[in-house]
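Below are the chains, spelled out letter by letter.
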Amino acid sequence: MSESYVFYDGKIVDESEVTISIRSKAFNYGLGCFEGIRAYWDEDEKQLYGFRLKDHYVRLLQSAKSFNLNIPYSVDELCKFTVELLKKNQFKQTVYIRPVVFDGGTNLNPTLSDAEPKFLIYCQPLGKFAGKEELSVCISSWRRLEDNMLPPRTKPTAAYLNSALASLEANQSGYDEALFLTGSGHVCEGPGENVFIVKKGQLITPPPSDNILEGITRDLVIRLGREELGIDVVERSIARTELYASDEIFFSGTAMEVTPIVKVDNRIVGTGKQGEVYKKIKELFFGLTTGKNPKYVKYCTPVY
Ligand SMILES: Cc1ncc(COP(=O)(O)O)c(C=O)c1O
């Protein structure tokens, strides 16, 4: 008996019961796509809240469709399975949830035309992901994949080799994380995060046409900036040197949450400390993940 229950082939089973062939096309060619979701634990209420479950599963179904992988469940069913799985695992801390759809076929062809979709969900406790309060990043020499190569908007399993190469290079050069440029040289995103800059009071982030994943946290940050802080939020291409001249830079993402970048390519960003806009966004963000802000309570699904 393992310590974790997972959802596989339509039911909740002990993780040790799941085996995947070494011939699987998912393993050999990365033929699959996935999601990353958090569920936030509220110690006062002893309650766990799935965060924006619906939005993540809408994105997963759209991604899977691009790859001819049919997930035989609706968004509502996927949300229900996730809540059941969290409950079955009896989690009493903040958790990361990983739904994966992949081609379970085992023939030699790296094709999706005869895809045999398999779907699973596993979960694990996850506190702070970055391991640091403030990050230093470098521009990667690896460029981001493009929509007509391996569409970053679909969270394809294989695309995370592109992410891993960038992170490896950054870490080996002494930085905490990498930042991609697009093929045409615009600032794109991190290996698993969207990026925001603050300049002259504006909050600026690259548009979807710059080959980013349309992040669910990004969407929330944009909304918080506009509706709660009343600041001008602009989606436009960002030049590399704009990073050096920014007052603030921060990442957004499900795993990374909101995390400030205080150094880029060895240049200090702004004051070299967490910026004022970032601090306000951070407070708003962590104030709403456990259903405590009535305006955003619909994002939080109670498990118990
Ligand atoms: C490449 C990439 N960009 C951005 C994000 C942030 O997206 P989200 O906020 O939906 O987690 C992620 C994480 O899923 C990612 O993998």
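All values derive from a computational prediction rather than experimental measurement.

Student: Quick question: what am I supposed to make of the site of the ligand here?
Tutor: Near the ligand lie 16 residues; those nearest to it are Lys155, Tyr160, Ile216, Thr217 and Thr254. Contact distances for the ligand include 2.7 Å between a nitrogen atom and a side-chain N or O atom of glutamate 189. One nitrogen or oxygen atom from the main chain of isoleucine 216 is found 2.7 Å from an oxygen atom belonging to the ligand. In isolation the ligand has 380 Å² of accessible area, and contact with the protein removes 97% of it. One can see that the ligand is located within the largest pocket. Listing elements by their share of the shell around the ligand, those giving two or more residues are α5 (216-228) and β13 (248-253).

Student: Quick question: what am I supposed to make of the layout of surface pockets here?
Tutor: Take a probe with the size of a water molecule and roll it over the atoms, and the empty space left behind shows itself. Size it by volume and the largest pocket reaches roughly 660 Å³. Surrounding the largest pocket, 35 residues form its lining, Phe129, Pro191, Gly192, Glu193 and Ala255 being those nearest its centre. Within the residue set of the lining of the largest pocket, elements represented by two or more residues are α2 (53-66), β6 (95-103), α4 (160-172), α5 and β13. Of all the elements, α4 adds the most residues to the lining of the largest pocket, at five residues. When residues of the lining of the largest pocket are assigned to domains, at least three map to each of domain 1 (5-125) and domain 2 (135-286).

Student: Whenever I open this one, the state of the cysteines confuses me. Can you help?
Tutor: In a disulfide, the sulfur atoms of two cysteines are covalently bonded to one another. Throughout the structure, instances matching the rule amount to zero disulfides. Cysteine 79 takes part in no disulfide bond, and the closest cysteine sulfur, belonging to cysteine 300, lies 13 Å away. Take cysteine 79: its relative accessible area is 14%, and that puts it in the buried class. Sulfur of cysteine 188: no disulfide; nearest cysteine sulfur belongs to cysteine 138 and is 15 Å away.

Student: What is the right way to look at unusual backbone geometry in this model?
Tutor: The general pattern is negative phi for most residues beyond glycine and trans for most peptide bonds. The backbone of lysine 46 shows a phi angle near 55°, a positive value even though the residue is not glycine. Given a relative accessible area of 48%, lysine 46 falls into the partly exposed group. Residues other than glycine seldom take positive phi values, yet asparagine 211 does so here, at roughly 60°. In this structure, asparagine 211 sits in the loop between β11 (202-205) and α5.

Definitions and cut-offs
Residues numbered from 1 in each chain as written. Predicted model: local features only at pLDDT ≥ 70, side-chain atom pairs only at ≥ 80, totals over all residues. Heavy atoms only, no water. Near = heavy atom within 4 Å. Polar contact = N/O pair within 3.5 Å; in protein donor to acceptor, adjacent residues only side chain to side chain. Areas by Shrake-Rupley, 256 points an atom, 1.4 Å probe, with all protein chains shown as cover. 1 Å grid on protein atoms, 1.4 Å probe; cavity = no way out; pocket = protein on both sides within 12 Å on 5 of 7 lines; lining within 4 Å. Sits in = over half its atoms within 2 Å of the grid points. Helix = DSSP H or I, 4+ residues; strand = E, 2+ residues; numbered from the N terminus. Points joined across faces, edges and corners; volume = space filled by probe spheres on them. Domains from an automatic or database assignment. Disulfide = S-S within 2.5 Å. Buried < 20%, exposed > 50% of the residue type's maximum accessible area, 1.4 Å probe, protein only.

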